[in-house]
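Residues per chain, in single letters:
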Amino acid sequence: MVREINENELNELLELYLHLHEKSIPEMTEHLNKTWKAIIQDENYHIIVKISDDKIVSSCVCMIIPNLTRNIRPYALIENVVTHADYRGKGYATECLNYAKEIAKKSNCYKMMLLTGSKEEATLDFYRNAGYNSSDKTSFIQWLE
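Because the structure is a prediction, the values reported are computed rather than measured.

S.K.: Any chance you could explain the overall build of the chain here in plain terms?
M.R.: On a plain count of helices and strands, the chain comes out with four helices and five strands. When its helices and strands are written in sequence order, the chain yields β-α-α-β-β-β-α-β-α. Computed over C-alpha atoms, the radius of gyration of the chain comes to 16 Å, within 12% of the 15 Å expected from 2.2 N^0.38 for 145 residues, which places it in the range of a compact globule. Seen along its three principal axes, the alpha-carbon backbone of the chain occupies a region of about 40 × 35 × 35 Å. Looking at the chain as a whole, 34% of its 145 residues qualify as buried. Nonlocal contacts in the chain, meaning residues at least 24 apart in sequence, comprise 60% of its contacts between residues at least 6 apart. Looking at the chain as shown, the accessible area adds up to about 9900 Å², and 49% of this sits on carbon and sulfur atoms. Of the side chains in the chain, 17 bear a positive and 21 a negative charge, and the two mean positions are spaced by 8 Å.

S.K.: Help me out: how do you make sense of helix H2 (residues 30–41) in this one?
M.R.: Side chains of residues three or four places apart in an α-helix project in the same direction, reflecting 3.6 residues per turn. A rise of 1.5 Å per residue sets the reference length of H2, with its 12 residues, at 16 Å; its end C-alpha atoms lie 16 Å apart and thus fit the reference within 8%. For H2, the set of buried residues is Leu32, Trp36 and Ile39. Each buried residue of H2 lies within a common arc of 60° when the element is viewed along its axis, so the set occupies one face. For H2, the exposed residues set more than 90 degrees away from the buried face come down to Glu30, His31, Lys34 and Gln41. Residues of H2 that are buried in the fold lie against helix H1 (10–16) and strand E2 (45–52).

S.K.: Would you take a moment to explain the pattern of salt bridges for this structure?
M.R.: Side-chain pairs of opposite charge can arise whenever the charged atoms involved come near each other. Inspection of the entire model under this criterion finds five salt bridges. Residue Lys50 is joined to Glu95 by a salt bridge in which the shortest nitrogen-to-oxygen separation is 3.1 Å. Here Lys50 is found in strand E2, whereas its partner Glu95 is found in helix H3 (residues 92–106), with 45 residues between them in sequence. In this structure Lys50 comes out as buried when scored by relative accessible area, which is 9%.

S.K.: Please explain the environment of Met28 as it appears in this structure.
M.R.: As for its placement among the helices and strands, Met28 is situated in the loop between H1 and H2. A relative accessible area of 39% means that Met28 is categorised as partly exposed. Through-space distance from the C-alpha of Met28 to that of Leu97 is 28 Å; in sequence the pair is 69 residues apart. Those residues within four positions of Met28 in sequence are excluded, and the remaining contacts are Leu10, Asn11, Leu14 and Asn33.

S.K.: Please explain the sheet that holds strand E4 (residues 75–83) as it appears in this structure.
M.R.: Strand pairing in a sheet relies on backbone hydrogen bonds, with the paired strands running either antiparallel or parallel. Spatial ordering of the open sheet is given by E1-E2-E3-E4-E5, a layout of five strands whose pairing is mixed. Edge positions in the sheet fall to strand E1 (2–4) and strand E5 (112–114), since each of these pairs with one other strand and no more. Between one strand axis and the next, the sheet turns through 30° on average, direction left out of account. The sheet contact formed by E4 and E5 spans three bridges and is parallel. When the sheet's bridge partners are listed, Ala76 is paired in E5 with Met112. Each of E1, E2, strand E3 (55–65), E4 and E5 is contacted by H3, which is oriented at about 30° to E3, the strand it contacts most.

How each quantity is defined
- Residues numbered from 1 in each chain as written.
- Predicted model: local features only at pLDDT ≥ 70, side-chain atom pairs only at ≥ 80, totals over all residues.
- Heavy atoms only, no water.
- Helix = DSSP H or I, 4+ residues; strand = E, 2+ residues; numbered from the N terminus.
- Rg over C-alpha atoms; globule rule 2.2 N^0.38 Å.
- Buried < 20%, exposed > 50% of the residue type's maximum accessible area, 1.4 Å probe, protein only.
- Contact = heavy atoms within 4.5 Å.
- Areas by Shrake-Rupley, 256 points an atom, 1.4 Å probe, with all protein chains shown as cover.
- Lys, Arg positive; Asp, Glu negative; His and termini not counted.
- Charge placed at Lys NZ, Arg CZ, Asp CG, Glu CD.
- Expected span 1.5 Å × (residues − 1).
- Arc of directions from axis to C-beta.
- Salt bridge = Lys/Arg side-chain N within 4 Å of Asp/Glu carboxyl O.
- Pairing = 2+ DSSP bridges.
- Axes fitted to C-alpha atoms, helices over the stretch in contact; angles between N-to-C directions.

Right, dumping it as structure tokens:
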């Protein structure tokens, strides 16, 4: 089953993020709780999860960004695409991305974008097979401390 996350599933999501790039689960601080509450209450912030074996095994974030160009149509930004290592290769992340695409379509988005830090051809092929291309735009990132 693919769906949006429930408010009580934060801990499970943070555990999944250990399979993304996180080294540890953050401490349950006031800042974390405030951030989580803001995410859950934001109608443009969608955390999509794949449930298998009664647990979250894959996820992605889909942000709908309001926009003043392209006939005042928003665009979608995809982030934090991750699948638990034991569940990879089963199409679960693709299911999450397809769910995000439906959210973007319902929101009248004119495009979807994502970035990956991976240079692995298998990862790049995964995104190409999901309908993304790396030839239309050039990406730049400035990391902030």
